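Structural overview
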Amino acid sequence: MPHAFFRFYSSLNDFLPPHRRQVEFERYIKDRGSIKDAIEAVGVPHPEINLIIVNGESVSFGYLVQEGDRISVYPQFTTLDITPVSQVQPPTLSPMRFVVDVHLGKLATYLRLLGFDTLYRNDYNDDELAQTSSQEQRILLTQDRGLLKRSIVTYGYAVRSHNPEEQIVEVLARFRLYPAIAPLHRCPRCNGEVIWVDKADIQHQIPYYTHLYYDDFTQCQNCDQVYWRGAHYERIQSLIDEVKGQAMAPVVDLVD
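One structure accompanies this document, and this report is about it. (Residues numbered from 1 in each chain as written. Predicted model: local features only at pLDDT ≥ 70, side-chain atom pairs only at ≥ 80, totals over all residues. Heavy atoms only, no water.)

1. Details of the overall build of the chain
As a reminder, the rule being used: Put simply, DSSP marks the helices as runs of H or I at least four residues long and the strands as runs of E at least two long, and each gets a number from the N terminus on. Exposure is judged per residue with a 1.4 Å probe applied to protein chains only, and the accessible area is read against the type maximum: over 50% gives exposed, under 20% gives buried, and values in between give partly exposed. For this analysis, residues touch if any pair of their heavy atoms sits within 4.5 Å. Residues scored as charged are limited to Lys and Arg (positive) and Asp and Glu (negative), so that His and the chain ends carry no count. Taken as the charge location is NZ of Lys, CZ of Arg, CG of Asp or CD of Glu.
Helices and strands together make up the secondary structure of the chain, namely eight helices and 12 strands. Here the C-alpha coordinates of the chain stretch approximately 75 × 35 × 30 Å along the principal axes. Split into buried and exposed, the 256 residues of the chain put 48% on the buried side. Across the chain, contacts joining residues at least 24 apart in sequence account for 60% of those joining residues at least 6 apart. Looking at the chain, you have 25 positive and 33 negative side-chain charges, and the mean spots of the two groups are 2 Å apart.

In C-alpha cells:
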C-alpha cells in the first residue's frame, strides 16, 4: 500500500494520540484517495484546518494523495493572513452565528447572554445540526468529531473543554469574538433580540413588587419574555466581567 508522511501543528495535535503529536509520522493511505479523507482518517475534522501544504505547495481538500507525499496541516492563524495562500480556508463569516449541539446547552446560553446569534434545541439530531450549519452558514459547535467530518459542514469547531465557563472563553478566543461582545442583547431562552421597553407597556407581565422596585426593563421581540436588573443581573454581569478579563487570543506556534 502507498504511504505518506504527515505533520500536524498547534491545536490540531489535540486530535492525535500522544505518540503522533508534534512529530512527523508515516501512514498508509488509500490509493488515489483525497487528502481530506486521509487527514480525517487520522482523526482531525476538516473544519479545524485552515492550510494544507504538500511538498511545499498549498493544496485543496480535493488533492489526491500520492506515494511519499510530505503533508503539513495547520489550524487557524492568528497573526498571519493566509487568505492568498490557503485553498481550504473558507470566507470569513460576518457576523459570526452559531448552532450548538444538544450537549452544550450552557455554552449556548452564555453565547446568547454575550449577544451572539446562537441556535440551540435539546432535541436537535445530527442531520439537523449539519444541515442548519450548511444552509444558514452557521458555525457548528460540538464535541462530536464525527459530526464535524460531514462533508456539508464548512464552518465548525470541536469544543475541547467540558466546563461551560471554560468553553465560552475557548470559543471567544478561537473566533476572536471579544470586540463583538454585546451583553444582554439576546434572549437566553430563545435567541430573540432584546430591546428596551417602557414600564407601562409591560406592567401586566411583571410581579407586583418588581413593578414597585424596578424601572428599567427589556423584552424579547420573539418570545415576549421581560427582563429587569434583579439578583440574576449581578450574576450575569460577573460572568461577563470574568470572560472579558480573559480576552487573550492564542497564537499559533508554527514550530510546535
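What follows continues from the structure just given.
2. Observations regarding the nonpolar core
Note the threshold: By convention a nonpolar core is built from buried Ala, Val, Leu, Ile, Met, Phe, Trp, Tyr and Cys residues, the set being connected through side-chain atoms within 4.5 Å.
By size, the foremost hydrophobic cluster in this structure holds 32 residues, and its most contacted members are Phe6, Phe8, Ile39, Ile49, Ile52 and Ile71. If you list the elements that add at least two residues to this core, you get strand S1 (3–8), helix H1 (35–42), strand S3 (51–54), strand S5 (70–74), helix H3 (126–136) and helix H4 (145–148). Among the elements that line this core, the one with the most residues is H1, at four residues. Residues contacting Ile71, with those up to four places away along its chain left out, are Ala4, Phe5, Phe6, Arg7, Ile35, Ile52, Ile53, Val54 and Val65. Leu93, Leu111, Val159 and Tyr178 belong to the second largest nonpolar core, which has 29 residues in total.

3. Comments concerning the sheet that holds strand S9 (residues 156–158)
Worth spelling out the cut-off: Here, strands pair whenever DSSP counts at least two bridges between them. All axes here are fitted lines through C-alpha atoms, helices being fitted over the stretch that makes contact, and every angle between N-to-C directions spans 0 to 180 degrees.
Within the open sheet, the four strands sit side by side as S7-S6-S8-S9. Their pairing is parallel. Both edges of this open sheet fall to strand S7 (118–120) and S9, since each of them pairs with a single strand only. Mean inter-strand twist for the sheet, computed between neighbouring axes without regard to direction, equals 20°. Inspection of the sheet shows strand S6 (residues 98–100) paired to S7 by three bridges, in the parallel sense. Pairing of Val99 across the sheet is with Leu119, part of S7. On the sheet, helix H2 (residues 105–113) packs against S6, S7 and strand S8 (139–142) and is oriented at approximately 150° with respect to S7. With respect to the sheet, H3 is in contact with S6, S7 and S8, its orientation differing from that of S6 by roughly 180°.

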